[in-house]
Amino acid sequence: MASSEKQQKSVDLSHHLSELARARATSPLKGIGRLFERPGMISLAGGMPNPDYFPFAAISGDALVSDSFAVNNQPSESSLSWLWKLFGSSRKEKTNAITIPKYPTRPGDVNLATALQYGTATGLSQLTKFISDFVGKVYQPGYSDWTTLIQTGNTDAWSRAVLTLCNPGEAFITEDWTYPSALASSQPWGIHPVGVSMDSEGMRSDELRKLLAEWDEAARGSKRPHVLYTVPIGQNPTGMTMGAARKKEIYDVCVEYDVIIVEDDPYYFLQMAPYAAKFEGGSQPSSADSEKWIASLSPSFVRFDYQGRVIRLDTFSKTIAPGSRLGFFTCNPVFAERLERAGETSTQAPCGFGQSLITQLLTTWQLDGYVRWLHGLSAQYQARRDFFIDTLAEEFHMRTSLGTMGAWRGCTIYTASAKPRGPMGMWEKYALGEQPFFSFVPPTAGMFIWLKINFENVRGFQAGTEETLESKLWMKLAMAGVLVGPGTYFASKADMVSAAEGHFRVSFSFATDAEMKKAIGIFGKIVRDFFENPDSE
């Protein structure tokens, strides 16, 4: 980690604050709440219930040990569940008991009297310290006065960030395909997205520069955007991963045109090795050393941020549990203070139960233990991805090619068509002439595979019916018991349906291996029938 003594402080970027953000004042009662923690302070100011009346004397749980999951390329844990059931027993998990008492036995202990009480929007002090140490070790921000702030998950964090930075009627920049909730949360405020073309690493830096350089306020109906929203790792929905060089290019463009980057990065620790088919020996495992693994990950935008113009969004939803509703910002102190003001009159602090349990878990594991946990999760999701794609290859005839244009240029593309059902001699015909159903590029991070559906090969296809065909196929799959994400949900603008193409986002993160195998079987039957007769009941 670079020494903060050699780094500069963040520059003044307060001109990016929205009118709403500028108007926010400190909540009167929350403002004096900071004084509650002073030793010897007797508070008669707040309407706080006495902790004696909290109906929990303690909260305890059995937490998995940090090395519960292997870091080599093993089959996913769910694939072994049939074995445990066969022998009439469940998988034996190694755990440590953690307990949060109502009152601390030592100074600094996590305790329910504090966690369940009204608190500030900054969260528990023990959690704040752990997060700050983690950010310094793993993300290594490029300026000296960075800070962190607790939030209630990245969807809420983006909602806070966009209202802190944008006024109604303004635009923000994002990828052509992006996270639907980011679009939905800004839309009611009249803050609209402007998509930038993508390639194998996500947003293209040359297209970003072109957009900013050629922005015409009269034609666009709004001033040039000064906020960029991106999901750079395991891009949602495409699964692409942005490398260090591309991030540096985009950051430099944003410095030149004075743009704030909001880096929404829930899949950062689910980075994977490139996919390799089972018959080729499978994908390569990561280093067995967790320190080497964490150092090998594509760096965050904050690593290159020497001005404080990145607001990074992290969440525990993908690494611990989404029901915890817990995450954190990393940003400059001016933005953090305004984001705190937004939080203290809305969500306030995240739920005390979730905060206390996760804080106790993380402080029990400690930094090295949490990194080891994340390493194991990455290996598990890589195994899930590999199983899903291997199973697709069993259901369909799959051929590979190298992309030569568009978003998939330079990528290995997998194209699926009907598998020959006759003699082995039919293989040559299918390899050379069979019309493809869909294609995809294996993701290098995240939880999703982005399928491009070749609707031009549907019997009776007519140009202009692509969106209808996507809806029809989606409904047939749903009625057959398989739910996927319709591609139109992820479009940054309504006119992105291209001739003869549709898209589905398919997740490999939740279902068991047996369920995935069953779902792919259903998917195969429905797709084959649909391409033969899309109007059949």
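Described below are features of the structure shown in this document. (Residues numbered from 1 in each chain as written. Predicted model: local features only at pLDDT ≥ 70, side-chain atom pairs only at ≥ 80, totals over all residues. Heavy atoms only, no water.)

**Remarks on the environment of Leu112**
(1) Moving on: Here Leu112 lies in helix H4 (residues 112-115).
(2) Moving on: In this structure the C-alpha to C-alpha distance between Leu112 and Phe56, which are 56 residues apart in sequence, comes to 8.0 Å.
(3) Moving on: Ignoring anything within four residues of it in the chain, the contact list for Leu112 reads Phe54, Phe56, Ala58, Ile59, Ile100, Pro101, Lys102, Gln117 and Ser356. (Helix = DSSP H or I, 4+ residues; strand = E, 2+ residues; numbered from the N terminus. Contact = heavy atoms within 4.5 Å.)

**Quick notes on the packing of aromatic side chains**
(1) Moving on: The tally for this structure, following the rule as stated, stands at 29 aromatic pairs.
(2) Moving on: Plain terms: the ring middles of Phe134 and Tyr370 are 5.3 Å apart, the flat faces sit at 50° to each other, and that makes the pair tilted. Here the residue Phe134 occupies a position in helix H5 (residues 125-138), and Tyr370 occupies one in helix H13 (residues 352-395), the gap between them amounting to 236 residues. Of the two residues, Phe134 and Tyr370, neither departs from the other in class, the shared state being buried.
(3) Moving on: On the basis of an interplanar angle of 70° and a centroid distance of 5.7 Å, the ring pair of Phe438 and Phe523 is categorised as edge-to-face. (Phe/Tyr/Trp six-rings, centres within 6.5 Å; stacked < 30°, edge-to-face > 60°. Buried < 20%, exposed > 50% of the residue type's maximum accessible area, 1.4 Å probe, protein only.)

**Observations regarding the sheet that holds strand E17 (residues 501-507)**
(1) Moving on: An order of E12-E13-E14-E15-E17-E16 is seen for the 6 strands of this open sheet, with the pairing classed as antiparallel. On the outer flanks of this sheet lie strand E12 (397-402) and strand E16 (485-486), each paired with one strand and no other.
(2) Moving on: Pairing between strand E15 (residues 448-454) and E17: 7 bridges, direction antiparallel. Each residue of the ladder has a partner; that of Asn454, found in E17, is Glu501.
(3) Moving on: Against the sheet, H13 engages E12, strand E14 (438-440), E15 and E17, with an angle of about 150° to E14. (Pairing = 2+ DSSP bridges. Axes fitted to C-alpha atoms, helices over the stretch in contact; angles between N-to-C directions.)

**Examining the environment of Ser492**
(1) Moving on: Along the polypeptide, Ser492 turns up in the loop between E16 and E17.
(2) Moving on: The buried category is assigned to Ser492, whose relative accessible area is 6%.
(3) Moving on: Residues within four places of Ser492 in sequence aside, it is in contact with Thr174, Glu175, Asp176, Leu183, Pro193 and Gly195.

**Examining the layout of surface pockets**
(1) Moving on: When its volume is computed, the largest pocket comes out at roughly 1100 Å³.
(2) Moving on: What lines the largest pocket is a set of 41 residues, among which Phe36, Thr114, Gln117, Tyr118 and Gly119 lie closest to the centre.
(3) Moving on: Of the residues that constitute the lining of the largest pocket, the class distribution is 19 nonpolar, 17 polar and 5 charged.
(4) Moving on: Lining the second largest pocket are 26 residues, with Leu483, Val506, Ser507, Phe510 and Ala511 sitting closest to its centre.
(5) Moving on: Elements with a minimum of two residues in the lining of the second largest pocket: H13, E15, E17 and helix H16 (513-532).
(6) Moving on: It is H16 that contributes the most residues to the lining of the second largest pocket, 7 residues altogether.
(7) Moving on: Residues that form the lining of the second largest pocket fall into these classes: 18 nonpolar, 4 polar and 4 charged. (1 Å grid on protein atoms, 1.4 Å probe; cavity = no way out; pocket = protein on both sides within 12 Å on 5 of 7 lines; lining within 4 Å. Points joined across faces, edges and corners; volume = space filled by probe spheres on them. Nonpolar A, V, L, I, M, F, W, Y, C, P; charged D, E, K, R; others polar.)

**Quick word on the pattern of salt bridges**
(1) Moving on: Taken as a whole and assessed by the stated rule, the structure comprises 29 salt bridges.
(2) Moving on: Ionic pairing is found between Arg312 and Asp265, a salt bridge with its closest N-O pair at 2.8 Å. Taken together, the residues Arg312 in strand E10 (residues 310-315) and Asp265 in the loop between strand E9 (260-264) and helix H11 (290-296) connect sequence positions 47 residues apart.
(3) Moving on: With a shortest N-O distance of 3.0 Å, Lys517 and Glu394 are connected by a salt bridge. Taken as a pair, Lys517 in helix H16 and Glu394 in helix H13 lie far apart in primary sequence, 123 residues in all.
(4) Moving on: Here the salt bridges do not stand alone but share partners, grouping Glu337, Arg338, Glu340, Arg341 and Glu344 into one network. (Salt bridge = Lys/Arg side-chain N within 4 Å of Asp/Glu carboxyl O.)

**Here we look at H16**
(1) Moving on: Here H16 spans 29 Å end to end across 20 residues, near enough to the 28 Å set by a 1.5 Å rise per residue.
(2) Moving on: Looking at H16, one finds that the buried residues are Asp513, Met516, Ile520, Phe523, Gly524, Ile526, Val527, Phe530 and Phe531. (Expected span 1.5 Å × (residues − 1).)

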